[in-house]
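Chains, contacts and geometry: an overview
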Amino acid sequence: MRKDVRILLVGEPKVGKTSLIMSLVSEEFPDVVPYRVEEITIPADVTPERVPTHIVDYSEAEQTDEQLFQEISKANVICIVYAVNNKKSIEKVTNHWIPLITENTDKDSRVPLILVGNKSDLVEHSSMETILPIMNQYSEVETCVECSAKNLKNISELFYYAQKAVLHPTGPLYCPEKKDMKPLCVKALTRIFKVSDLDNDGILNDNELNFFQRACFNSPLEPQALEDVKNVVRKNLIDGVHYNGLTLKGFLFLHTLFIQRGRHETTWTVLRRFGYDDDLELNQDYLFPPLKLPPDCTTELNHNAYLFLQSVFDKHDKDRDCAMSPDELRDLFDVFPYMPWGPDVNNTVCSNEQGWITYQGFLSQWTLTTYLDVQRCLEYLGYLGYSIIAEQESQAAGITVTRAKKIDLQKKQTQRNVFRCNVFGDMGSGKSGFLQAFLGRNLVRQKMIKEEHRSYYAISTTYVYGQEKYLLLHEVFPDFDYLTDADMACDIVCLVYDVSNPYSFEYCAKVFKQYFMDSKTPCMMIAAKSDLPEVKQMYGCSPLEFCRKHKMPPPQSFTCNTAAEPNREIYTKLTTMAMYPYVCRHFICVKACRLN
Amino acid sequence: METETEMIPIWQNKPHGAARSVVRRIGSTLPLKPPQRACFQELPGLPSLRPFDSPSVPTLADIAWIVADEEETYARVRSDSRPLKHEWRPTPLLVLHRNSSVPNFRREGKRMEGLKKPGMTALNRTTALQEELSRLRAQIAKIVANDSDSNPLTPELLSPDDTSMGFSMAPFETTSFQPATATPASFVISDVTEEEEEEEEDEELVEEDEKDVVSVVSELLPDPLPPASMTASATFDLDRPSMDFREAEEDTVSLSKSTSFADVMDILKDMNKMKMSKDRYNRGCTSLREEDSATLISEALRKKFVLKEEDSVAVKRK
């Protein structure tokens, strides 16, 4: 919404432009007026719409055409004034003023027009009948008003309508020819309905209506008013009310009603509350609120955000199977302008036998998005209407920024809940198997995954000393000439080699020596495919010796070729090491040996 | 006799403090309690008055009158699809502020002012005065009932016929100046608290205050606004009458101070049984009580004048 309004009055000489302005300001009719008054600024708190307003007068006698054109281009709204008792001044509206203004404004940024009939005190009849066809003919004309500067009738209303034309334009909302709301407006209101439908039953029940009223207008909906709403809709629509709640049709009808009664500011208030701008798009401030992210810090969802996401899941899990079928997922993302999750998500998080994302998987994917791309997460939360439903200031209120890792290491303590593990290994060493096993899939299941649905991430939860933590596994492309900083930055490193491939270990040793030998990041060697016969590795020393030399825990045997779900101990170990990297490595070695 | 030392005027002999001015010295000797401050309580359920909220956005709650709204033929918005009315009638200027969903006291007050006819004011004034009167009488009764040994209370306060009892009795019970600047009552200042205070603090304060009541009275006379305006919760009706009220006050008939307080006390003892109901606007009840208190007070005055005659006779005898 605009922050200030600039009103220009034009019209034939002697129609009363200056009188109107002077009557507004001094609240009495001036008997003598100059040709033109200087620009007047009315402060925000005095105007009905609480926006500072500038009023500019025009006089043919005193101003040149250049000055007029300049004022026209600067104005936010132009009031074309005519005198109701002067037919010629009315004719001039169409044959002079409107064309002049059209010529001097951009086609793309049309200025709204108000037709003002002054001197209504001098006639008995209304000029509305003559003027209405003009309003219908020219779509820039927002309002027609009749007033009298002499009797001080409707002067402040006139300026209220002028402000309103700028702050609450009808153009984007409504098409008077079709007597219907425009498609973009309908789309926006439909989305608002879906977001407000907290239990997703297709109707707004009393609680939801009350919530909606409070969210948009900061006032409660009394029981009588609730009944009024439903009665009005019931009277005019067949299926506007269903099971004593408002349907989408009824909701749209209500807004059409407001608009058709000239109260479209109500609809604008609703739209703006839900983050829409004047073009009926979600505005950038709403979707991307500022969020400071210092280096070495990570981002996680906080408790409120998790609660909100849980409620979103519940609301769409119609069959109550704690999993999202493709239809349910599509319904969930209906309020998004595009589908944010592709089929690879099903292979990044836990899923059920049908391959549908489970409840835990749903939250895991959100955790992953927050960790890896927080801006995108904010955007998604915006589409879901988080800040409105959770009654928070902005989407950023759902994000926790953790403290720098340096400080965690210093204090030997971390508050983080999400830990990242980068998995390195040569081609075919079993990295993907390692990732998928974390999601509870054995080899047989993994073979069913389509190539194009594969994912390089896997995220799920483990329990470390009774606390639930997220472990994010990232499979790094095995071309170590091109390892980026992002590939380096993690809480723990996994080096995977294939025990049945004699050349597999060399790669791991190389990566370790090049990147991780001198870093503080803990490393773990994984001897994958341990179900296959072990062969001697073509490397200077054995993996066990290597690990001992570099103070790493001994290689952990691992296989995902199991009958049931693969063993998850290794992941718990990894998470524990990520949480407590400073713990004596020797201790871990000893402990790890014992567990092995 | 000459003094060598320089004479310092009394207002300069202390650098600051209560001893510096006469008024302050009087004030520090008077056992006046600090004024009871009005306590504002946010009523639950009402929306908070935010200064930046645009007042004229209709909400879902206004759907009823919006649907029925067939007025405003002086202006027509583009999207307005109602058929154009052929008669042109001037509409009230406040038609835009009809938001009925929010009980905004400010607006309601304005609305009532705008729509009120002149004759109403006089009627309201009378009602207001009557209520004020009954309230004051009840207060008198309470003081009297609770304290039988106190000093003479000037009968200035006790005249039933003089409607100019503009200044309130409340100070004598709670020794509080009602915040004289009666705030435009945007909040419902609970009448309850006033009365509870009266009831509770009566016993403690009356004894102390009676002595000083006389002197306090003179200070209190110019009390600008009676509590009437305080208790006008939702309307401004009483603003105007109270202003006229004040003018009448200044023409007060001052009664003689020589009347014995004790006589009136006896008579008014009966009044302590009648406590003011919390609903001050329940005129049915109060009128009954008014009569009782009125008759009692008038009886008391009659007796007072009888006594006076006796006194004067006694004086003459002397």
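Computed from a prediction, not measured in an experiment: that's the story for all the values here.

Our next topic: the overall build of chain B. The number of helices and strands found in chain B is ten helices and one strand. Along the chain direction, N to C, the helices and strands of chain B fall in the order α-α-β-α-α-α-α-α-α-α-α. In chain B, buried positions account for 40% of the 318 residues. Surface accessibility of chain B: about 18,200 Å² in total, with carbon and sulfur atoms responsible for 57%.

Now for the UniProt feature "domain: EF-hand" (unreviewed entry) in chain A. Mapped onto this numbering, the UniProt entry gives "domain: EF-hand" (unreviewed entry) at residues 304–339 of chain A. With 56% helix and 6% strand, residues 304–339 of chain A has its two end C-alpha atoms placed 24 Å apart.

Whether parallel or antiparallel, the strands of a sheet pair through hydrogen bonds between backbone atoms. All names here are of chain A. The three strands are arranged E9-E11-E10 in an open sheet whose pairing can be described as antiparallel. On the outer flanks of this sheet lie strand E9 (203–204) and strand E10 (241–242), each paired with one strand and no other. Here two bridges tie E10 to strand E11 (residues 245–247), and the two strands are oriented antiparallel to one another. Across the sheet, residue His242 finds its bridge partner in E11, namely Gly245.

Residue and element names in this part refer to chain A. Burial analysis of strand E16 (residues 418–425) places eight of its eight residues in the buried class, which makes it a mostly covered element. Alternating positions in E16 separate into two faces, Val418, Arg420, Asn422 and Phe424 on one and Phe419, Cys421, Val423 and Gly425 on the other, with burial throughout. For E16 and strand E18 (residues 467–475), the ladder comprises six bridges, and the chain directions are parallel. Within the sheet, the bridge partner assigned to Arg420 lies in E18 and is Leu472.

The next subject is the packing of aromatic side chains. Residues and elements named next belong to chain A. Taken as a whole and judged by the stated rule, the model has 30 aromatic pairs over all chains. Look at Phe362 and Trp366: their rings are 6.4 Å apart centre to centre, the planes differ by 65°, and that puts the pair in the edge-to-face class. Of the two residues, Phe362 and Trp366 both sit in helix H14 (residues 359–372), four residues apart, roughly one turn of that helix. One aromatic cluster is present, built from ring pairs that chain together Phe313, Phe333, Phe336, Tyr338, Trp341, Tyr359, Phe362, Trp366, Tyr380 and Tyr383.

Parameters and conventions
Residues numbered from 1 in each chain as written. Chains lettered and ligands numbered in written order. Predicted model: local features only at pLDDT ≥ 70, side-chain atom pairs only at ≥ 80, totals over all residues. Heavy atoms only, no water. Helix = DSSP H or I, 4+ residues; strand = E, 2+ residues; numbered from the N terminus. Buried < 20%, exposed > 50% of the residue type's maximum accessible area, 1.4 Å probe, protein only. Areas by Shrake-Rupley, 256 points an atom, 1.4 Å probe, with all protein chains shown as cover. UniProt positions renumbered as here; feature names shortened; annotations may be inferred. Pairing = 2+ DSSP bridges. Phe/Tyr/Trp six-rings, centres within 6.5 Å; stacked < 30°, edge-to-face > 60°.

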